[in-house]
Amino acid sequence: MHKMMKGFLLKRYSRVLLSILPSLMSSGMPLSPKISADKGSGNEKLGPVDAELDAQERRRVLRKIDWHLLPFVSLLYLLSFLDRSNVGNAKVAGMSTDLNLTGYRYNIAAAVFFFLYSFAEVPSNILLKIFRPSRWIPSIMVAWGLIMTLMCLVNTFQGLVVARVFLGLTEAGLFPGVTYYISLWYPRDERSLRIAIFFSAATVAGAFGGILAYAIEKMEGVGGLHGWQWIFCLEGIATIIAALAAFFFMYDYPDTASFLTDAERQYVIEMLKRDSNNLSTDYQLRFVLQALRDYKAYVQVGVYIGLLIPIYAIALFTPTIINELGFSAANAQLLSVPPFVCGCIFTILVGVLSDKHKLRGPYVIGGAFVSLVGYIVLYTQSGAAASYFGAVLAAVGVFPTIAVDLAWVSSNAGGDIKRGVVVAMVIGIGNLGGICSSFVYLDPPRFHIGHGTMIGFLSLSILLSCFAMWDYQRLNKQKDALCLEQEITDDRKDEFVDMGDESPLFRYAV
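Let me begin by describing the structure that accompanies this report. Treat the numbers as computed from the prediction; the structure is a model and nothing was measured. Throughout, a residue's number is its position along its own chain's written sequence, starting from 1. The predicted origin of the model limits local features to residues at a pLDDT of at least 70 and limits the giving and counting of side-chain atom pairs to 80 or more, whereas totals for whole chains, interfaces and linings rest on all residues. With hydrogens and water excluded, all non-hydrogen atoms of the structure serve as input to the side-chain values.

### Thoughts on the overall build of the protein
Counting from the N terminus, the helices are the DSSP runs of H or I reaching at least four residues and the strands are the DSSP runs of E reaching at least two. A tally of helices and strands in the protein yields 20 helices and 2 strands. Categorising residues by exposure relies on relative accessible area from a 1.4 Å probe, with only protein chains included: less than 20% of the type maximum marks a residue as buried, more than 50% marks it as exposed, and the intermediate range marks it as partly exposed. Across the 510 residues in the protein, those meeting the buried criterion constitute 59%. Should any heavy atoms of two residues lie within 4.5 Å, those residues are considered in contact. By sequence separation, contacts in the protein at least 24 residues apart represent 81% of the contacts at least 6 residues apart. Accessible surface, the protein: about 19700 Å² in total, of which carbon and sulfur atoms supply 65%. Where accessible areas are quoted, they stem from the Shrake-Rupley method and a 1.4 Å probe; at the residue level, only the protein chains shown are allowed to cover.

### Structural notes on helix α8 (residues 174-183)
Of all 10 residues in α8, 10 are buried, a share of seventy percent or more. Among all positions of α8, only Leu 174, Phe 175, Pro 176, Gly 177, Val 178, Thr 179, Tyr 180, Tyr 181, Ile 182 and Ser 183 are buried.

### Considering helix α2 (residues 55-98)
Taking the largest bend as the criterion, α2 deviates by roughly 80 degrees, centred on Lys 91. Counted residue by residue, α2 has 34 buried out of 44 residues, so it is predominantly covered. Bend angle per residue: angle between axes fitted to the 7 residues ending at that residue and the 7 residues starting there.

### Re the packing of α8 against helix α18 (residues 416-430)
Fitted lines through C-alpha atoms give the axes, limited to the stretch in contact for helices. The angle between two N-to-C directions lies from 0 to 180 degrees. Interaxial distance between α8 and α18 falls to 9 Å at its minimum, and their mutual angle equals 145 degrees. For α8 against α18, the interelement crossing comes out right-handed. Here α8 contributes Phe 175, Pro 176, Thr 179, Tyr 180 and Ser 183 to the contact with α18, which in turn contributes Asp 416, Ile 417, Arg 419, Gly 420, Val 423, Ala 424 and Ile 427. Taken together, the residues of the contact of α8 with α18 break down into 7 nonpolar, 3 polar and 2 charged. Note on convention: the crossing is left-handed when the near helix lies turned anticlockwise from the far helix by less than a right angle, right-handed when the turn is clockwise. All amino acids are sorted into three groups, where Ala, Val, Leu, Ile, Met, Phe, Trp, Tyr, Cys and Pro are nonpolar, Asp, Glu, Lys and Arg are charged, and the leftover types, Gly among them, are polar.

### Side note on a nonpolar patch on the surface
Residues Phe 115, Leu 116, Val 162, Phe 166 and Leu 169 make up a contiguous nonpolar surface patch of roughly 430 Å² in combined accessible area. Looking at the nonpolar patch, the elements with two or more residues in it are α4 (113-119) and α7 (157-171). Along the polypeptide, Leu 116 turns up in helix α4. Take Leu 116: its relative accessible area is 35%, and that puts it in the partly exposed class. Without a salt bridge and with relative accessible area above 30%, a residue can belong to a patch; like charges are then joined within 9 Å and nonpolar side chains (Val, Leu, Ile, Met, Phe, Trp, Tyr) within 5 Å. The term salt bridge refers to a pairing of a side-chain nitrogen on Lys or Arg with a carboxyl oxygen on Asp or Glu at a separation within 4 Å.

Spelled out as structure tokens, the structure:
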């Protein structure tokens, strides 16, 4: 019964989220053993360690992982992003009037989410490694689902603020946790597309949130609740249901994955070891300190924060911006859908191209530049049509950069623990930018302060990305020279197992 339910659920979500994968997957690097199976006896054999796995067989193994991992984690993030950003839909649906959110009150309610959210992400990723993903992630989901559901009972501004603070605390572990989780299953040159598919759930949530809010608003007065209260209630219940299912349907690590055969499991483990140059996977405090002392991590924090501020501005204020263009509240909910749909399509497309070309920085810079143009249009144009086009362009440009940048971050932090901490640092500190996003859209209907701020932060990301690309190339050249001078080869990789990405055998992705 359990297996039947599991198969049904995975198949259902897989059709929606992975229907485009067969034509998009890259061939990858043929570095590891070939898998052969004796179908007659049922015994599976692993070929010689130095044998190459052909591209088709490699794709088959990775596709099998995709079907069992990506649909479900994408669903979880869709619910997460829906729950954190639905306050924007609720505002347009009447919450602002009912709770008397005058002055900066809505901005404060939006901003307080990020305080505990940002500081809880590094501890959460460490706990995810200590405990199991299939226990830690569903547990925090149940917690925030309960808070989200109970937010339907909020009837004062103060109550809304308290609820948003604890919603941020409980949601903190999901996004950095799943980003880190993906890095434990896929080699570096295969991560961008997978993170893009996972992150595209945020754009789907933005689109779906507008449609859902439009429909739920019609429940005004049912059960004595306003329409915006029903938005919180129903979306919170959906999160709890998905969280309970996640206790049974999430897999932990490749070496314990029941859906892989023994030969496939051994191949994936070997592939990941080779990709990481056999760096340590153990938990030790020194690996945490390596992450905290690495200047490259803080450069990536700057890149990420410059991208995330526009992301949150789009999520929190797109309905309001469209409403101020002269559209009714109901039409503003519906017109907020196309920017997110376009963002979803380009997120996956850019993820494919980034993996195909094995490049990260150029795609971050290109996407940020497109979004920059969109905000310039919003800043300079007053017409509804031109401004709406600018809003779509801003979303199309910036949404794809998040997945590529996180793939960049996880690829350039060596060792499991350091990678988990660096990913959490970048996402956690970067999410403090959500506070900025909450307070810059203050001057309707043109919102010059908000649009100008987005232009500034996108420019910051472009400049820091250029520096990061130059720095990674410089470090790679130094390592090439060192390996040549001291005749360091893969045969000596065990000497550098605890050095992380400072190992002379480790090369940074550009």
